[in-house]
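Letter by letter, the chains look like this.
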Amino acid sequence: MKKRIPARHVLGIGCAILAAAAAAVIVRHVDERMQEQERAMLYEQVRNAAIGCYACEGRYPQEVEYLVEHYGLIYDEERYSILYDAFASNIMPDIAVNIRGEDE
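The present account deals with the structure reproduced in this document. As the structure is a computational prediction, the values presented were derived from the model and not from experiment.

### Some remarks on the overall build of the protein
Alright, step 1. Scanning the protein for helices and strands turns up two helices and two strands.
Alright, step 2. Reading the protein from its N end, one meets helices and strands in the order α-α-β-β.
Alright, step 3. Relative to the compact-globule value of 13 Å for 104 residues, the protein shows a C-alpha radius of gyration of 24 Å, a clear excess of over 25%.
Alright, step 4. Expressed along its principal axes, the backbone C-alpha trace of the protein runs to roughly 85 × 20 × 20 Å.

In structure tokens:
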């Protein structure tokens, strides 16, 4: 004769699985929000460095590498890509920061 599993055990296992799935969704959401905040902070750092360059030198730099070399901009090049499009030295460049691996 087979032993039956009590209904409360089945219910407990089901609740544990549901709680684990909910925790995984929450962790993923928190991770996505943190990545977005880091991306936004890097955007502001690039923008502020470009503005600082304009204030000191009277021109915006033509490439982001200038900000790294002369204005102390530090970022993880393996994690982020910075699209920096400088049209003219007296016009604020278009800046976009993307997380590598996402749609760039």
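Now that the structure has been shown, we can carry on.
### Notes on the pattern of salt bridges
For side chains of opposite charge, pairing can occur when their charged atoms come near one another.
Alright, step 1. In total, this model carries four salt bridges according to the counting rule given.
Alright, step 2. The salt bridge involving Arg-39 is made with Glu-36; its shortest N-O contact spans 2.6 Å. Taken together, the positions of Arg-39 and Glu-36, both in helix α1 (residues 7-57) and three residues apart, correspond to about one turn of that helix.
Alright, step 3. According to the relative accessible area criterion, Glu-36 is partly exposed, its value standing at 39%.
Alright, step 4. Note that Glu-57 and Arg-59 form a salt bridge whose closest N and O atoms lie 3.1 Å from each other.
Alright, step 5. We classify Glu-57 as partly exposed; its relative accessible area is 34%.
Alright, step 6. With a relative accessible area of 29%, Arg-59 lands in the partly exposed category.

The rules we used
- Residues numbered from 1 in each chain as written.
- Predicted model: local features only at pLDDT ≥ 70, side-chain atom pairs only at ≥ 80, totals over all residues.
- Heavy atoms only, no water.
- Helix = DSSP H or I, 4+ residues; strand = E, 2+ residues; numbered from the N terminus.
- Rg over C-alpha atoms; globule rule 2.2 N^0.38 Å.
- Salt bridge = Lys/Arg side-chain N within 4 Å of Asp/Glu carboxyl O.
- Buried < 20%, exposed > 50% of the residue type's maximum accessible area, 1.4 Å probe, protein only.

By themselves these figures say nothing about function.
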